[in-house]
Amino acid sequence: QRKVLDFFTSLGLPDWSICNGVGSAEGLGNSLEQSHVILAIDELKYLLQKTQIRGSVLLPMVTALFEQTSYQNETKNSSINLDNARLSLLANCTTETFDVLWDHEALAIGLVNRLLLVSNDKQDKVAWPKPPNKERLAALALVIKQQLSALPQHPLKITPDAYAVWGDWYKA
């Protein structure tokens with residue numbers, strides 16, 4: 001996770017910051033008022049535990065920001081009002097934990113459906129790993145920097161072919 005965060009930091013995107021933990025929707029909202037946020041959670045279970053606190057709106061907020069750039073919640077003592085918010089989540093989790101992690105609320109609101117999951121088989125540790133290919137890394141950095149500098153408007157457009165493929169998959 002540290003290497004991924006270092007990579008994004010090296011892009012020098014002025015409107016993005018890394019938030020290394022969250023305690024509440026209000027706290028995350030404060031970060032999102034300042035900049036777009038990569039929420040970096042070492043263990044996904046930690047985030048889900050925070051969403052289970054009674055009265056917390058963290059789960060609806062995180063879920064909503066996967067599909068839109070605005071979020072609002074008013075209570076007697078606090079207010080969250082976000083426009084043009086961009087939230088990315090980077091978290092780690094073992095397969096065993098992932099299998100038992102999801103409570104009814106997280107499943108019902110559809111958080112798990114919004115995640116892009118990357119899995120890997122456990123491999124032996126490498127004492128002296130080879131450095132990454134600098135040319136490939138620079139090319140990747142350029143593409144990502146261009147994409148994050150010119151964020152698309154919502155909703156995203158979909159090609160007719162992709163629309164058909166998605167429809168077939170969804171009905172299966």
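What counts, and where the lines are drawn
- Starting afresh in each chain, residues are numbered from 1 along the sequence in its written order.
- Only residues with pLDDT of at least 70 get local features here, since the model is predicted, and only at 80 or more are side-chain atom pairs given and counted; chain-wide, interface and lining totals rely on the full set of residues.
- The side-chain figures draw on all heavy atoms in the structure; neither hydrogens nor water molecules are used.
- Elements are defined by DSSP. Helices are runs of H or I of four residues or more, strands are runs of E of two residues or more, and each kind is numbered from the N terminus.
- A simple rule labels every residue: compare its accessible area, found with a 1.4 Å probe on the protein chains alone, to the largest value its type can have, and call it buried under 20%, exposed over 50%, or partly exposed in between.
- Criterion for a salt bridge: a side-chain nitrogen of Lys or Arg within 4 Å of a carboxyl oxygen of Asp or Glu.
- By convention a nonpolar core is built from buried Ala, Val, Leu, Ile, Met, Phe, Trp, Tyr and Cys residues, the set being connected through side-chain atoms within 4.5 Å.
- In what follows, a contact means two residues having at least one pair of non-hydrogen atoms within 4.5 Å.
- Values of pLDDT, the confidence the predictor places in each residue, fall between 0 and 100.
- Contacts described as polar in this section are N or O atom pairs within 3.5 Å, which, within protein, must combine one atom able to donate a hydrogen with one able to accept it, while residues neighboring in sequence count only if both atoms come from side chains.

J.: Explain the overall build of the protein to me, and be specific about the residues and the numbers.
T.: Helix and strand counts for the protein come out as eight helices and five strands. In sequence order, the secondary structure elements of the protein are arranged as α-β-α-β-α-α-β-β-β-α-α-α-α. When the backbone C-alpha atoms are referred to their principal axes, the protein occupies close to 55 × 45 × 40 Å. Put simply, the protein has 172 residues, and 27% of those count as buried.

J.: Give a detailed account of the pattern of salt bridges, specifying residues and quantitative values.
T.: A side chain of one charge can pair with a side chain of the opposite charge when the charged atoms of the two come close. Enumeration according to the criterion identifies two salt bridges in this entry. Two residues, Arg-2 and Asp-6, come together in a salt bridge whose shortest N-O distance is 3.1 Å. Here the residue Arg-2 and the residue Asp-6 both occupy positions in helix H1 (residues 2-10), the gap between them amounting to four residues, near one helical turn. The exposure class assigned to Asp-6 is partly exposed, which follows from its relative accessible area of 41%. Notably, a salt bridge pairs Glu-67 with Arg-114, separated by 2.8 Å at the nearest N-O pair. Taken together, the residues span a long stretch of sequence, with Glu-67 in the loop between helix H4 (58-64) and strand E3 (71-74) and Arg-114 in the loop between helix H6 (104-109) and helix H7 (134-149) at a distance of 47 residues.

J.: An account of the nonpolar core is requested, with residue identities and associated values reported.
T.: Judged by nonpolar contacts, the single largest core of 28 residues is most densely connected at Leu-28, Leu-32, Leu-39 and Met-61. At the level of elements, helix H2 (25-34), strand E2 (36-41), helix H3 (44-51), H4 and strand E4 (79-82) are the ones that each hand at least two residues to this core. Among the elements that take part in this core, H4 stands out by supplying five residues, more than any other. Those residues in contact with Leu-28, other than ones at most four positions away along the chain, are Val-22, Val-37, Leu-39, Leu-58, Met-61, Val-62 and Leu-87. Within the second largest apolar cluster, nine residues are counted, among which are Leu-5, Phe-7, Trp-16 and Ala-141.

J.: Could you give an account of the confidence of the model for the protein, with specific residues and numbers?
T.: A residue-level look at the protein finds 97% of positions with pLDDT of 70 or above and a mean pLDDT of 88. When pLDDT is averaged over each element of the protein, H4 comes out on top at 93 and H1 at the bottom at 84.

J.: Before we move on, can you summarise the side chain of Thr-51 with the specific residues and values?
T.: Inspection of the secondary structure puts Thr-51 in helix H3. Among the polar contacts listed, one links the side chain of Thr-51 to the backbone oxygen of Leu-48, at a separation of 2.7 Å. When near neighbours in sequence (up to four residues on either side) are disregarded, Thr-51 contacts Ser-56, Leu-58 and Leu-59.

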